[in-house]
Amino acid sequence: MPKLLLKFSGMVLKDIPLDKPQVTIGRKMDNDVVIDNLAVSGYHARVIKENETYFVEDTGSTNGTFLNETKIQKQRLQPGDQIRVGKHVLIYEDETATAKHKSAQATAQDGDKTVLTPPPSDTRKSKVAASAEDDALPGGKIGVLLVVAGQTDKNEYKLPARVSVVGSQDTAVVKLTGWFAPKVAALISRNATAYVISLSEESKKIFVNGAAIQGRSDLKDGDLIEVAGVKMYFYLRHPTS
């Protein structure tokens, strides 16, 4: 199935399957791909399917939509194309089209007796991946926080532990560095199947996708969390990605 690969600062954030006639992109929470960045318009762009072909179309954005660094209004997509929206990039992938292209190349080269050999296996990498997945959810993924606004000591945090503290205390996994940041602003816990964010005794409010939570809330891939003035996207990723 064709899909979009969302990236920020070279880091892969999530996969978006193109499983419906259109996928909308923008800052408003009712988009299919929500990008909380002031450079992105409320309803910035969309990817649409017309006669089995996918197109990217700008939907009246302020800063424009770029395909392979060329500003476009509407353009057909090819596998590997890069759509830039603000500082985020969406890569269009279509494994079916790529497989057909490779098959055609292999057929054309058959008369020349071209032989392709598989790359050598990386045993060391496989062992690292297996070790990392010991602490992962079913499917081999762990939670990751990507900071997009606010004061923290890093821009990205992996959450393999059963409980991760968000706050200014020394043992916090997600270290808040603002002057008035609470020692424990939130708790993110992991069970066998999901991640959950909870209020602490010092918490005033925690927002998930713009709505204040009551006590605790399950986290889903792509959720936007706001804690003590810090905004973070929550993603599920393979540990070695």
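Structure's up top.
Residues numbered from 1 in each chain as written. Predicted model: local features only at pLDDT ≥ 70, side-chain atom pairs only at ≥ 80, totals over all residues. Heavy atoms only, no water.

**Student:** Would you explain the overall build of the chain in this entry?
**Tutor:** Across its full length, the chain carries 2 helices and 22 strands. Of the contacts made within the chain by residues no fewer than 6 positions apart, 39% connect residues no fewer than 24 positions apart. Here the chain has roughly 13900 Å² of accessible surface; of this, 50% comes from carbon and sulfur atoms. (Helix = DSSP H or I, 4+ residues; strand = E, 2+ residues; numbered from the N terminus. Contact = heavy atoms within 4.5 Å. Areas by Shrake-Rupley, 256 points an atom, 1.4 Å probe, with all protein chains shown as cover.)

**Student:** Explanation requested: the sheet that holds strand E5 (residues 45-50) in the structure shown.
**Tutor:** Within a beta sheet, neighbouring strands are joined by backbone hydrogen bonds and run either parallel or antiparallel to one another. Read from one edge to the other, the open sheet built from 5 strands follows the order E4-E3-E5-E6-E9, with strand pairing classed as mixed. At either margin of the open sheet sits one strand with a lone partner, and together these are strand E4 (33-34) and strand E9 (74-76). Relative to strand E6 (residues 53-58), E5 is paired through 6 bridges, and the arrangement is antiparallel. Within the sheet, the bridge partner assigned to arginine 46 lies in E6 and is glutamate 57. (Pairing = 2+ DSSP bridges.)

**Student:** Help me understand the packing of aromatic side chains, please; the structure alone is not making it clear to me.
**Tutor:** Think of a pair of aromatic rings as described by two things: how far the centres are apart, and how the planes are tilted against each other in angle. A full pass over the atoms with the stated rule returns 3 aromatic pairs. Sitting over the ring of phenylalanine 55, lysine 74 keeps its end group 5.3 Å from the ring centre. Over the face of the ring belonging to phenylalanine 66 we find arginine 84, whose NZ or CZ atom lies 4.3 Å from the ring centre. (Phe/Tyr/Trp six-rings, centres within 6.5 Å; stacked < 30°, edge-to-face > 60°. Lys NZ or Arg CZ within 6 Å of the ring centre and 35° of its normal.)

**Student:** Help me out: how do you make sense of the nonpolar core in this one?
**Tutor:** Nonpolar side chains in soluble globular proteins tend to end up buried together. Counting residues in each nonpolar core, the largest one holds 27 residues, and the members touching the most others are Leu4, Leu6, Val33, Val47, Leu77, Ile83 and Leu90. Among the elements of the structure, strand E1 (3-8), strand E2 (11-17), strand E3 (22-26), E4, E6, strand E10 (82-85), strand E11 (88-93) and strand E22 (230-237) are those that each provide at least two residues to this core. Excluding its chain neighbours within four sequence positions, the residues that come into contact with leucine 6 are Met11, Val12, Leu13, Lys14, Ile16, Val33, Ile35, His88, Val89, Leu90 and Tyr235. Counting residues in hydrophobic clusters, the runner-up holds 23 residues, among them Ile142, Leu145, Val166 and Val174. (Core = buried A, V, L, I, M, F, W, Y, C linked by side-chain atoms within 4.5 Å. Buried < 20%, exposed > 50% of the residue type's maximum accessible area, 1.4 Å probe, protein only.)

**Student:** Which parts of the structure should I look at to understand the pairing of strand E16 (residues 186-190)?
**Tutor:** The side chains of a regular strand alternate between the sheet's two faces. Covered by surrounding structure in E16 are Ala186, Ile188 and Arg190 only, the residues Leu187 and Ser189 on the alternate face being uncovered. Where E16 lies against strand E17 (residues 195-199), 5 bridges are found, and the strand directions are antiparallel. Bridged to alanine 186 within E17 is leucine 199. In this antiparallel pair of consecutive strands, E16 and E17, the connection spans 4 residues.

**Student:** Teacher, can you tell me more about the environment of lysine 71 here?
**Tutor:** Its location among the elements puts lysine 71 in strand E8 (residues 70-72). The class of lysine 71 is exposed, set by a relative accessible area of 56%. The residues contacting lysine 71, other than those within four sequence positions of it, are Gly64, Thr65 and Phe66.

**Student:** Before we go on, may I ask you to explain the pattern of salt bridges in this structure?
**Tutor:** Where charged atoms from two side chains of opposite charge approach closely, those side chains can pair. For the structure shown, the criterion picks out 10 salt bridges. Lysine 20 is the partner of aspartate 32 in a salt bridge, and the nearest nitrogen-oxygen pair spans 2.5 Å. One end of the pair, aspartate 32, is in the loop between E3 and E4; the other, lysine 20, is in the loop between E2 and E3, and 12 residues separate them in sequence. The class for aspartate 32 is partly exposed, based on a relative accessible area of 34%. Judged by relative accessible area, lysine 20 falls into the partly exposed class, the value being 37%. For the salt bridge of glutamate 50 with lysine 74, the shortest nitrogen-to-oxygen distance reads 2.9 Å. Taken as a pair, glutamate 50 in strand E5 and lysine 74 in strand E9 lie far apart in primary sequence, 24 residues in all. (Salt bridge = Lys/Arg side-chain N within 4 Å of Asp/Glu carboxyl O.)

**Student:** How do you make sense of unusual backbone geometry when you look at a structure like this?
**Tutor:** Excluding glycine, most residues fall at negative phi; most peptide bonds, likewise, are trans. Positive phi values are uncommon outside glycine, yet glutamate 52 reaches one of about 65 degrees. Within the secondary structure, glutamate 52 is located in the loop between E5 and E6. Residue class for glutamate 52 comes out exposed when judged on its relative accessible area of 65%. A positive phi angle, near 50 degrees, is found at alanine 228, a position not held by glycine. With respect to the element layout, alanine 228 can be found in the loop between strand E21 (224-227) and E22.

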